[in-house]
Structures are given as C-alpha cells and as structure tokens.
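# Observations on the model geometry
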Amino acid sequence: MKADALRGHLDALLLAVLDGRKLHGYAIIEALQARSGGALDLPTGTVYPALRRLERAGFLASEWDVVSGRKRRTYRLTRAGQKSLAAERAEWQQFTTVIGAVLGGQAWPAQA
C-alpha cells in the first residue's frame with residue numbers, strides 16, 4: 001500500500017501503534033508492517049517527519065534510550081495523544097459504518 005493512500009490516516013496509525021507502548025522509529029515501522037500483514041511498508045522519510053509533527057503537537061513524547069545496545073529515540077503517547085487516538089478511533093468507526101453502508105450494496109429505502 002502506498003503512502004499516498006494513507007493520506008489523512010497516518011497520524012492515527014502511528015498513535016495506534018504506540019498505544020500502551022514505547023517504541024523507536026524503526027520499531028514503529030516494523031509494527032505497522034506486522035499489524036497490517038505486510039500491507040503497510042512505509043519509508044522512513046514518511047514516518048519520521050510525522051513522528052516529529054505529532055511530538056510538536058503534543059501527542060507524543062520522546063526520549064533517548066538504549067535499545068539493543070544502541071542509543072535510539074523512543075516515542076510514547078502523551079495524555080493528549082491518548083485523547084486524540086480515542087477521537088480518531090471513533091471517527092474511523094463512524095466513517096467505516098457510513099462507507100460500508102454505501103458500498104455494501106444494501107438496498108435503499110423506497111422513496112415516496
């Protein structure tokens with residue numbers, strides 16, 4: 001799946017991957033791949049700027065940690081990030097319900 005197809009959803013995907021976890025950038029990319037069954041294979045040039053943007057917005061916090069013997073910047077959700085993720089999930093549920101009703105081929109009510 002191309003990064004363009006994710007326009008408008010990347011932030012929510014990144015927040016979801018970090019829900020309850022602290023990960024470094026490459027581990028975030030790997031988690032997206034794993035959770036999507038390999039369909040999401042995003043380049044670092046897409047993910048890292050989004051992480052910085054989410055951090056500036058106050059949705060993520062980062063710190064330097066040693067991971068597997070290497071110093072890496074790890075990211076975690078802030079309280080604002082958790083609230084944003086909850087809102088994104090609610091919006092996504094509404095969106096998929098509406099689009100599913102239209103694309104699902106259900107019969108329309110008869111018009112009077």
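Refer to the structure presented above.
What you are looking at is a predicted structure, and each value in this text was computed from that prediction instead of being measured.

Together, Trp92, Phe95, Val98, Ile99, Val102 and Leu103 make up a nonpolar patch on the protein surface, roughly 600 Å² of accessible area in all. Residue placement: tryptophan 92 occurs in helix H4 (residues 79-103).

Glancing now at the nonpolar core. Leu14, Leu18, Ile28, Leu51 and Leu60 are the most contacted members of the largest nonpolar core, which totals 23 residues. Those elements that provide at least two residues to this core are helix H1 (10-18), helix H2 (25-35), helix H3 (44-56) and strand E3 (70-77). Counting residues per element, this core draws most heavily on H1, which supplies six residues. Excluding residues that lie within four positions of it along the chain, leucine 60 makes contacts with Leu15, Leu18, Leu51, Leu54, Glu55, Tyr75, Arg76, Leu77 and Thr78.

Across the nine residues that make up H1, a large majority, seven, are buried. Among all positions in H1, only Leu10, Ala12, Leu14, Leu15, Ala16, Val17 and Leu18 are buried. Buried residues along H1 sit in contact with strand E1 (23-24), H2, H3, strand E2 (60-67), E3 and H4. Looking at the residues trailing H1, positive phi occurs at glycine 20, about 75°.

Quick look at the packing of H2 against H3 now. For the pair H2 and H3, interaxial distance at closest approach is 10 Å and the crossing angle is 115°. With respect to the hand of their crossing, H2 and H3 are arranged in right-handed fashion. Here H2 contributes Gly25, Tyr26, Ile28 and Ile29 to the contact with H3, which in turn contributes Thr44, Val47, Tyr48 and Leu51. Its residues assigned to classes, the contact of H2 with H3 comprises six nonpolar, two polar and no charged.

Moving on to the side chain of histidine 24. As for its position among the elements, histidine 24 is in strand E1. For histidine 24, a relative accessible area of 12% gives the class buried. With residues near it in sequence (within four places) discarded, histidine 24 still touches Val67, Arg72, Arg73 and Thr74.

On to H4, then. The terminal C-alpha atoms of H4, which comprises 25 residues, lie 36 Å apart, in line with the 36 Å expected from a rise of 1.5 Å per residue. Those residues of H4 lying buried are Gly81, Ser84 and Leu85. Buried positions along H4 lie against H1 and E3. Positioned one or two residues after H4, glycine 105 has a phi angle of 80°, which is positive.

Relative to the helices and strands, phenylalanine 59 resides in the loop between H3 and E2. The spacing of phenylalanine 59 and leucine 15 is 44 residues in sequence and 8.1 Å in space, taken between C-alpha atoms. Those residues in contact with phenylalanine 59 that sit more than four places away from it in its chain are Leu15, Leu54, Arg76, Leu77, Thr78, Ala80, Gly81 and Ser84.

Next up on the list: the pattern of salt bridges. Under the criterion given, the structure shown has four salt bridges. In this structure, the salt-bridge partner of arginine 89 is aspartate 19, at a minimum N-O distance of 3.2 Å. Placement of arginine 89 in helix H4 and of aspartate 19 in the loop between H1 and E1 is noted, with a sequence separation of 70 residues between them. Ionic contacts of the salt-bridge type, sharing partners, join the residues Lys22, Glu63 and Asp65 into one network.

Rules used in this analysis
Residues numbered from 1 in each chain as written. Predicted model: local features only at pLDDT ≥ 70, side-chain atom pairs only at ≥ 80, totals over all residues. Heavy atoms only, no water. Patch = residues over 30% accessible without salt bridge, like charges linked within 9 Å, V, L, I, M, F, W, Y side chains within 5 Å. Areas by Shrake-Rupley, 256 points an atom, 1.4 Å probe, with all protein chains shown as cover. Salt bridge = Lys/Arg side-chain N within 4 Å of Asp/Glu carboxyl O. Helix = DSSP H or I, 4+ residues; strand = E, 2+ residues; numbered from the N terminus. Core = buried A, V, L, I, M, F, W, Y, C linked by side-chain atoms within 4.5 Å. Buried < 20%, exposed > 50% of the residue type's maximum accessible area, 1.4 Å probe, protein only. Contact = heavy atoms within 4.5 Å. Axes fitted to C-alpha atoms, helices over the stretch in contact; angles between N-to-C directions. Left-handed = near helix turned anticlockwise from the far one by under 90°. Nonpolar A, V, L, I, M, F, W, Y, C, P; charged D, E, K, R; others polar. Expected span 1.5 Å × (residues − 1).

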